[in-house]
Every structure is written in structure tokens, then in C-alpha cells.
Amino acid sequence: MEHYPDIEIYLADADIEAVQRWLSAHFDELPALVKRGKRQWRTLARHADSEVPILLVTHAADGFASLWFDSPHTPWPRDVDCARDAARTLGCEVRCSLGGWQPGDEPDRFWRVRADGEEGAIDWPDSGQ
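The paragraphs below set out a description of the structure included in this document.

Rules of the game
Residue numbering note: each chain is counted from 1, following its sequence as written. Under the rules for a predicted model, residues below a pLDDT of 70 receive no local features and side-chain atom pairs below 80 are neither given nor counted, while totals for whole chains, interfaces and linings still include all residues. Only hydrogens and water are set aside; all other atoms, that is, all heavy atoms of the structure, feed into the side-chain values. Only strands that DSSP links by at least two bridges are regarded as paired with each other. For the purposes of this entry, the term helix denotes a DSSP run of H or I that reaches at least four residues, the term strand denotes a run of E that reaches at least two, and both are numbered from the N terminus. Any pair of residues with heavy atoms lying within 4.5 Å of one another is described as a contacting pair. Lines fitted to C-alpha atoms define the axes here, with helix axes fitted over just the stretch in contact, and angles between the N-to-C directions of these axes take values from 0 to 180 degrees. Pairs of N or O atoms are called polar contacts if they sit within 3.5 Å, as long as, within protein, a hydrogen donor faces a hydrogen acceptor (for residues adjacent in sequence, only side-chain-to-side-chain pairs). Type-normalised accessible area, obtained with a 1.4 Å probe on protein chains alone, sets the label of each residue: buried when under 20%, exposed when over 50%, and partly exposed for intermediate values. Here a pair means two rings of Phe, Tyr or Trp (six-membered ring of Trp) with centres within 6.5 Å. Their orientation is stacked below 30 degrees between planes, edge-to-face above 60, and tilted elsewhere. Two thresholds decide whether a charge sits over a ring: the Lys NZ or Arg CZ must be within 6 Å of the ring centre and within 35 degrees of the ring normal.

Paired through their backbone hydrogen bonds, the strands of a sheet run either parallel or antiparallel. Reading across from one edge, β2-β3-β4-β5-β1-β6-β7-β8 is the order of the eight strands in this open sheet, with antiparallel pairing throughout. Pairing within the sheet leaves two strands with one partner each, and these edge strands are β2 (34–35) and β8 (119–123). Most of the contacts of helix α2 (residues 79–90) go to strand β1 (residues 7–12), to which it runs at about 30°, and overall it touches β1, β5 (64–69), β6 (94–97), β7 (109–113) and β8.

As C-alpha cells, then:
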């Protein structure tokens, strides 16, 4: 399966320490997430001999934190794979894109994964906050 060029998921009720523990279980090296500005946490992880920049932005969208992996070298091939793992492990709702985004795709359609495993497409319009 081809890896997406990057992965971004949105976590409800993201606890920094819980996210750190979850990420530590998946990366070969994971320095602690360090606060780098208002609501921003960063680190540079290693997976499969590649660097993976990670950015966590708390309260990024309607009570959700954005977790972005700026690399195709993640433990998950697609956003939805990462979202499923996060929801199961962190016990929170996770949202992500429906797939690889292309110009003309509906920007308000997302995939929602609940902690209980229920999942499906939703409309999640940008509130502008």
C-alpha cells in the first residue's frame, strides 16, 4: 500500500502526555513534544531510518487538536489508518480527510472514527475559528 505524502488527524480532547505515550509506541526515536508557540507542540521523530517532523496544534478546529506528520515515512500508510489507531488507543474521537485530497474535492467532508470503533463520513464545515 502506498504511503500518503503526509498525514493529518484531528483529535478530540487531546491530552499531550497521552499523545506522547501513543507516539512513543510507534516511532523508533521520539523526543518529547516541546511547546513552540501558542498552542503548538513539535518534535522530530525517526521511523524506518527517516526523520518525521510532527506538529500538534491544540484547539485547532472546533475543540479538536490537529496532529500533523510531515513525511511519507510514518508507521501508517494513510490518514484513516492513523485515525483508527489513535481512536482505539487514546479512547477519543478522531477525524481525518476522506482520502488523498485533490482540487475540486469537497473541503467539509471528513472521516470520523469514534473510540468504540464506529466510523463513517461526516460533514464538518469550517467554523472560521
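Moving on: unusual backbone geometry. One non-glycine residue with positive phi stands out, namely D49, at about 60°. One can find D49 in the loop between β3 (40–47) and β4 (50–61). A positive phi is found at H59, a non-glycine position, where the angle reads about 55°. Tracing the backbone shows H59 in strand β4.

Here T43 is to be found in strand β3. Engagement of the side chain of T43 in a polar contact is seen with the backbone oxygen of P31, the distance being 2.8 Å. Residues contacting T43, with those up to four places away along its chain left out, are L30, P31, A32, L33, V52, P53 and I54.

Residues in a regular strand point their side chains to alternate faces of the sheet. A one-sided burial pattern is seen for β3, the buried positions being W41, T43, A45 and H47 and the unburied ones Q40, R42, L44 and R46. Between β2 and β3, which pair antiparallel in sequence order, lie four residues; one of them, G37, sits at a positive phi of approximately 120°. Counted along the chain from β3 to the antiparallel partner β4, the turn is two residues long, and its residue A48 has a positive phi close to 50°.

To continue, consider the environment of R88. Relative to the assigned elements, R88 resides in helix α2. Remark: the alpha-carbon pair of R88 and A115, spanning 27 residues in sequence, is separated by 5.4 Å.

What follows concerns the packing of aromatic side chains. Taken as a whole, this structure holds eight aromatic pairs when the rule is applied. Summarising the aromatic geometry, the rings of F27 and W76 are spaced 6.1 Å apart at their centres and angled 70° between planes, so their arrangement reads as edge-to-face. One end of the pair, F27, is in the loop between α1 (16–24) and β2; the other, W76, is in the loop between β5 and α2, and 49 residues separate them in sequence. For F27, a relative accessible area of 6% corresponds to the buried category. Judged by relative accessible area, W76 falls into the buried class, the value being 5%. Geometrically, the ring pair formed by F69 and W76 is tilted, given 5.3 Å between the ring centres and 55° between the ring planes. W76 shares its class with F69; the two are buried. Feature note: the residues Y10, F64, F110 and W124 constitute an aromatic cluster, connected by ring pairs. Positioned above the aromatic ring of W124 is the side chain of R95, whose terminal nitrogen or guanidinium carbon lies 4.6 Å from the ring centre.

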